[in-house]
Each structure stands twice: as structure tokens, then as C-alpha cells.
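Okay, here's what each chain looks like letter by letter:
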Number of protein chains: 2
Amino acid sequence: MTTVVALGGNALIGPGERGTAAEQLANLRETAKALAPVLLGGERIVLTHGNGPQVGNELIRQERASKEAPQLPLWLAVAQTQAEIGALIEAAFAPPVACVLTHVRVDPEDAAFERPTKPIGPFYTEERARELERDRGWAVVQDAGRGWRRVVPSPAPLGIVELESIRALVERGTTVVACGGGGIPVADEAGALRGIDAVIDKDRASALLATQLPAERLLILTAVPAVLRGFGTPEQEELRELTVDEAEELLAELAEGSMRPKVQAAAAFVRATGGEAVITSAEALGEALEGRAGTRIHT
Amino acid sequence: MTTVVALGGNALIGPGERGTAAEQLANLRETAKALAPVLLGGERIVLTHGNGPQVGNELIRQERASKEAPQLPLWLAVAQTQAEIGALIEAAFAPPVACVLTHVRVDPEDAAFERPTKPIGPFYTEERARELERDRGWAVVQDAGRGWRRVVPSPAPLGIVELESIRALVERGTTVVACGGGGIPVADEAGALRGIDAVIDKDRASALLATQLPAERLLILTAVPAVLRGFGTPEQEELRELTVDEAEELLAELAEGSMRPKVQAAAAFVRATGGEAVITSAEALGEALEGRAGTRIHT
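Bear in mind that the values here come from a model prediction, so they are computed numbers and not experimental data.

Undergrad: Please clarify how the side chain of threonine 175 of chain A should be interpreted in this entry.
TA: Residue and element names in this part refer to chain A. With respect to the helices and strands, threonine 175 occurs in strand β9 (residues 175–177). Note on threonine 175: relative accessible area 10%, which makes it buried. Setting aside residues up to four positions removed in sequence, threonine 175 forms contacts with Leu39, Ile45, Leu47, Pro96, Val97 and Ala98.

Structure follows, in C-alpha cells:
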């Protein structure tokens, strides 16, 4: 059985942490321990991960050193974080592990490009933000009270460029790290890849990878043990099991940008493959695999 | 036939260039054109590359933003450059190409750790250099007239951690990008990898990879068309062909840190495998493959 495990941001950087190498390594070692029941069961594993704070840090570095070292475009900063986090994962998980730099195709005509929504990188003064808007063609927005920020599009992932390579390594029993940060967004152009400055939702990219491999299971690790219905109300309850129809009906009542994209990605994978998806925390994973915690989505 | 192609620094950044993404991409496209006779001949190819200016730029970024974004250790900066350059190569070469993040084992007892020699990263004032020496345990040296700089060890590469994965992808006909910047130096520690702040010579690492795969040919691309004997004298001549014995005898008269490590790496590969090594420039490659240019080293 092949399982795609999408690591949550807290697998890398905990609350109040800055994201030093030592912090990320310690967190990943905990995650590796939590994943032991899956890793040691002889299953084939692909690990995916987010890169929000890491790419934010890298963009700050690029900006602050811009007079001395050339600023790289966002798609290359995404690439850099795949290697940063991939190397940390290889230092925390038992071998054999291999990290494959992953590009993900997007449609340059995706409506997302007309309406960039995803804030990224450092905060700027309005003056500097306007300058970047003019000089680099960035879209910028005011972020309540904290200053101005670049916003980038978040297009839909359409295909995993290195799919065949990832599949070949997984089939050999190698734990593969792939699709970090949702993948490096690219479009095909004249027989080659053209990097695109955008960010792809990592849960969507993980679901696409799991669908295309195909994997039998998609495991989405996050900070909470299960999907909740009626969050914050007296009727709040953990959902233990959902059919894909129930999951899709639930979407409207979930928090946008938080649990909704995870349930949406999980449902898309189950719908496309007939496999199962589990959403839970690293801490609850052992119980979730036995059906006593987490949220399981199936056909 | 499998060929390991070690790209020279000028395949990425030309004279007077800063290393912007656009510059590197344009240079790589030229290199891809020059390599077409090899790439289109149905051969299996592994591309390796240096990362000197790129890792220097990344260390400047880390330093300048250190108050806002955590500084990553050198081994992670090396990882970041593998992804930066790997993504650029994937954008310049015809698919299928896959970049495998590559770790290279070194011996923590290597004598190189007692005598760091490789200058890296930004220049500092003496005061700041002394501070870094004290606070981070760095070795620093004065670089004639330009200020102070960190120096790091350059240990011998002993093994390619992701060798099996690289081999599996090459055997499927994928052009693999590996061992960038000589690889991420690591040691085994308690069943996991421990990152080590050092840099590995990229030609040595390329020769080790070519030996371990094994490849039949090692192609070292550099700025000059061939190895020269009597450089700068009236008797200066291009060496067209050398036995491995002749190559080893020649080492003493070659420039240290320039052509010597290339000939040494080439000879080590030929000695270990009985394969052939070619040292030439991208421009002369076509003629070199026909024996009319470049330097060929064989048993």
C-alpha cells in the first residue's frame, strides 16, 4: 500500500518558533516517531510538506541582501525551501529517503492569476510597496495594522512533472519527499518548463500527487486531531467518519484557508481513486489508524 | 552508456555576471545546446554542477537578514543551491529531467576538519569576523585587501547517500541532476544523517558518483578547451590524450585549485573503473567527442 503523508506546518515549526534548523529538526524527529506505525509497517510512503514560514524567511533574506546578491524569483525561492526542508527530513527520518525536486504544472490562464490572494514574504512600508508594484509588477495589499505585503496567485495544480520518477523510487521502497510547498509552479513553453511566480496549496498538490501515483491512502497531518463540526459551539463534535458525499456537503461550514482546503483535497482524492483519506494530528495518528481518532473519508 | 557530465561554473554564471536567474538560465540554455550531441545520442546522463557563487550569495542573504529570519547552517545553504540550480537546469534542458537532493558522506575525522581552507560567503570587518569566530566557532582568515572571510573544511567524499535512487532514475532514461555543489556533506550518526558545515570539491564528488554508479564516461566541462602543458611558456601545448599514469604524473605541474583537481578527479575515475574521462569546454565539446579537441584520459 502506498500512502501520501502531507505534513502540517507544525511538523516543522512549532508555536512561537522562528524556524531555526535545530527547531525544525527536533520537530521533524517527533513527527518521524509519530509516523513510525506507518513507516515501519512496510508501506510505501511519499512525504509532502508546506513551506509558508520557510519561503517567507527566504524572501526576507532575498530582499535584505538585494544590493549585494541577486534576488531570485519566487519559483526559485520555493525550490530552495524544498531542499531546505527535504534535507532536514532526510536528517530526521530513517533511510532510505530521497527528496525529488518537484515541479507542478499550472494553467497560465487560471483565473487565480487575475486575482492574486496569497500574502507572502516581508512587510513593507506603503512607499516601498508602491515602488515594488511599479518596478516589479507585484500585486500588493495592506495587511491590517502590520504594513503592506506582496500577494501572489494560488492556481490549481494540474500535473506533477516528476511523477514517473517519484513513482519509480516509491516502488523501490524508498521514502520519497516530494511536492514541497505545493511544488514549483511551472507552465510548458516551447518544450521546456517556465517557472511561474505563484504558490500552490500544498494539500491540493498532495491530493493530486496521491491521485496520479496512485496512492491508496492520503494522510493529512495537521495541528488538530480531527475535523470538527460546529466549531466553537456547545454542539462541537469530532467527525470520525465521512463518506465523500458527506465531506463535500460539509465544506461550506468549514473555515476557509484552514480546514476547508484539507477536506476538499481529501474528498477530491477519495472521489478520484476510491482510496481513503485521514485527517488527524501527529499525536492522534496511532489512534486514528485504528479508527479511534481523526477523521476518515471514504467512498 | 552512462555519462556523468560535471558542469563548470561558467555553465551557470559568466564573467562579470552576478548570477541572476535570467543570466543562469540563458547560460544553461547554451550549455544544453552544446550538450545536444551527448543528450540526443540516447545516452544516459547525470548532470553535476558547482555552486560557489550561488552558495556565496545565499550566505550573504542569510547574514543580511539574520535579525529577521533565522540563519541556516552551511549544509542547508548547500541544499538550497542544489534546488536553485536544479530548477534552473530543469527549465533549460529537455525532459525527462529530475533533480535528486544529494548528500555525500564524509569522515568527521578527515584531516581537512583540522585545517579549514576554503573561503566562503561574505567579507567581514576584522571586528565582526572575530565576533563570528567567538560566537559561532567559525574559522576566519584575512583575504588580501578585501577583508575577512569564513573558511570551511573541504573533506574527501566517501559515498553518495542517494546512489541507489540516482541509479534507478538513470536506468529509466531520466537525465538526473545530482551532487550539486559537491553534495550536502553528512556523517552517519545513530542511524540518521548529521549535516556537516563543509564543502566538497564538486569534481571529486562527480568522480565518486561516476565510479559508484558506475558510469562509462566522465565529462568535465570547464572554461578552457583542454588541459595545457607548459601553461604560459613558448612550449605551451594542448594535451589531446593521456593514459591514467601520464595524467597522474602531470598533476604536480598543474595549477592547484584550478586544473589539478579536475585531472585528479578524472584520473581517479579512470583508475577505478577503466572508463574514460574527457576534460574540455562546452564550445569545444563537439570536436572533443570526435577526438579533435579536449583532453581524453584513459587506461
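Undergrad: It is not clear to me how the pattern of salt bridges should be interpreted in this structure. Could you clarify?
TA: When their charged atoms lie close together, side chains carrying opposite charge are able to pair. All names here are of chain A. Applying the stated criterion across every chain yields a total of 50 salt bridges over all chains. We note a salt bridge from arginine 130 to glutamate 133, for which the minimum N-O separation is 2.9 Å. Linking arginine 130 with glutamate 133, this pair stays in helix α5 (residues 126–136), spanning 3 residues, or about one helical turn. Residue classification places arginine 130 among the partly exposed residues on the basis of a relative accessible area of 35%. Taking the relative accessible area as the measure of exposure, glutamate 133 reaches 30% and is therefore partly exposed. What you see here is one network of salt bridges that share partners, running through Glu43, Arg217, Glu241, Glu276 and Arg296.

Undergrad: Just checking my understanding: could you explain the sheet that holds strand β8 (residues 159–160) of chain A for this structure?
TA: Sheet strands pair by backbone hydrogen bonding; their relative direction is either parallel or antiparallel. Residue and element names in this part refer to chain A. Read across the sheet, 4 strands follow the order β8-β4-β10-β11 without closing on themselves; strand pairing throughout is mixed. The sheet is open, and its two borders are formed by β8 and β11 (192–195), each paired with just one other strand. As defined by bridge partners, strand β4 (residues 103–105) adjoins strand β10 (residues 184–189) across 3 bridges and the pair is classed as parallel. In the strand pairing of β10, histidine 103 is matched with isoleucine 184. Here helix α4 (residues 74–92) sits on the sheet in contact with β10 and β11, set at roughly 130° to β10.

Undergrad: Sorry if this is basic, but what is going on with the interface of chain A and chain B here?
TA: When the parts come together, some accessible area is lost, and that loss is often what is quoted as the size of the interface. Opposite the 47 residues of chain A that make contact, chain B presents 47 residues. Taken together, chain A and chain B are joined by 4 salt bridges. A salt bridge links arginine 64 of chain A to glutamate 68 of chain B; the nearest nitrogen and oxygen atoms lie 2.6 Å apart. Scanning the region where chain A abuts chain B turns up 12 residue pairs in polar contact (both at pLDDT 80 or more). Where the side of chain A that touches chain B is concerned, the elements lending two or more residues are α3 (52–64), α4, β3 (97–99), α6 (163–171) and β11 of chain A. Within the side of chain A that touches chain B, the residues separate by chemical class into 25 nonpolar, 11 polar and 11 charged.

Undergrad: Which parts of the structure should I look at to understand unusual backbone geometry?
TA: Cis peptide bonds are those with omega within 30 degrees of zero, and the linkage from proline 95 of chain A to proline 96 of chain A qualifies with 0°. Following the sequence through the fold, proline 96 of chain A ends up in the loop between α4 and β3. Here the bond from leucine 213 of chain B into proline 214 of chain B is cis, since omega is -10°, no more than 30 degrees from zero. Inspection of the secondary structure assignment puts proline 214 of chain B in the loop between α7 (202–212) and β12 (217–222). Although it is not a glycine, cysteine 179 of chain A adopts a positive phi angle of roughly 60°. In this fold, cysteine 179 of chain A is placed in the loop between β9 and β10.

Undergrad: It is not clear to me how the environment of arginine 229 of chain A should be interpreted in this structure. Could you clarify?
TA: All names here are of chain A. Looking at the secondary structure, you find arginine 229 in strand β13 (residues 228–229). Arginine 229 sits in the partly exposed class, given a relative accessible area of 33%. Counting along the chain gives 25 residues from arginine 229 to leucine 254, while the straight-line C-alpha distance between them is 7.9 Å.

Undergrad: It is not clear to me how helix α3 (residues 52–64) of chain B should be interpreted in this structure. Could you clarify?
TA: Since the α-helix packs 3.6 residues into each turn, any two residues three or four apart lie on the same face. In a regular helix each residue adds 1.5 Å, so 13 residues correspond to 18 Å; α3 of chain B covers 18 Å between its end C-alpha atoms and thus fits that length. Counting buried positions along α3 of chain B yields 10 of 13 residues, so the element is predominantly enclosed. Those residues of α3 of chain B lying buried are Gln54, Val55, Gly56, Asn57, Glu58, Leu59, Ile60, Arg61, Gln62 and Glu63 of chain B. Turning to α3 of chain B, the residues buried within the fold contact α3 and α4 of chain A together with α1 (21–34), α4 (74–92), β5 (118–124) and α5 (126–136) of chain B.

Undergrad: Any chance you could explain the state of the cysteines here in plain terms?
TA: In protein chemistry, a disulfide is the covalent bond that joins the sulfur atoms of two cysteines. A full pass over the atoms with the stated rule returns 0 disulfides over all chains. The thiol sulfur of cysteine 179 of chain A is not disulfide-bonded, and the nearest other cysteine sulfur, from cysteine 99 of chain A, lies at 11 Å.

Definitions and cut-offs
Residues numbered from 1 in each chain as written. Chains lettered and ligands numbered in written order. Predicted model: local features only at pLDDT ≥ 70, side-chain atom pairs only at ≥ 80, totals over all residues. Heavy atoms only, no water. Helix = DSSP H or I, 4+ residues; strand = E, 2+ residues; numbered from the N terminus. Buried < 20%, exposed > 50% of the residue type's maximum accessible area, 1.4 Å probe, protein only. Contact = heavy atoms within 4.5 Å. Salt bridge = Lys/Arg side-chain N within 4 Å of Asp/Glu carboxyl O. Pairing = 2+ DSSP bridges. Axes fitted to C-alpha atoms, helices over the stretch in contact; angles between N-to-C directions. Polar contact = N/O pair within 3.5 Å; in protein donor to acceptor, adjacent residues only side chain to side chain. Nonpolar A, V, L, I, M, F, W, Y, C, P; charged D, E, K, R; others polar. Expected span 1.5 Å × (residues − 1). Disulfide = S-S within 2.5 Å.

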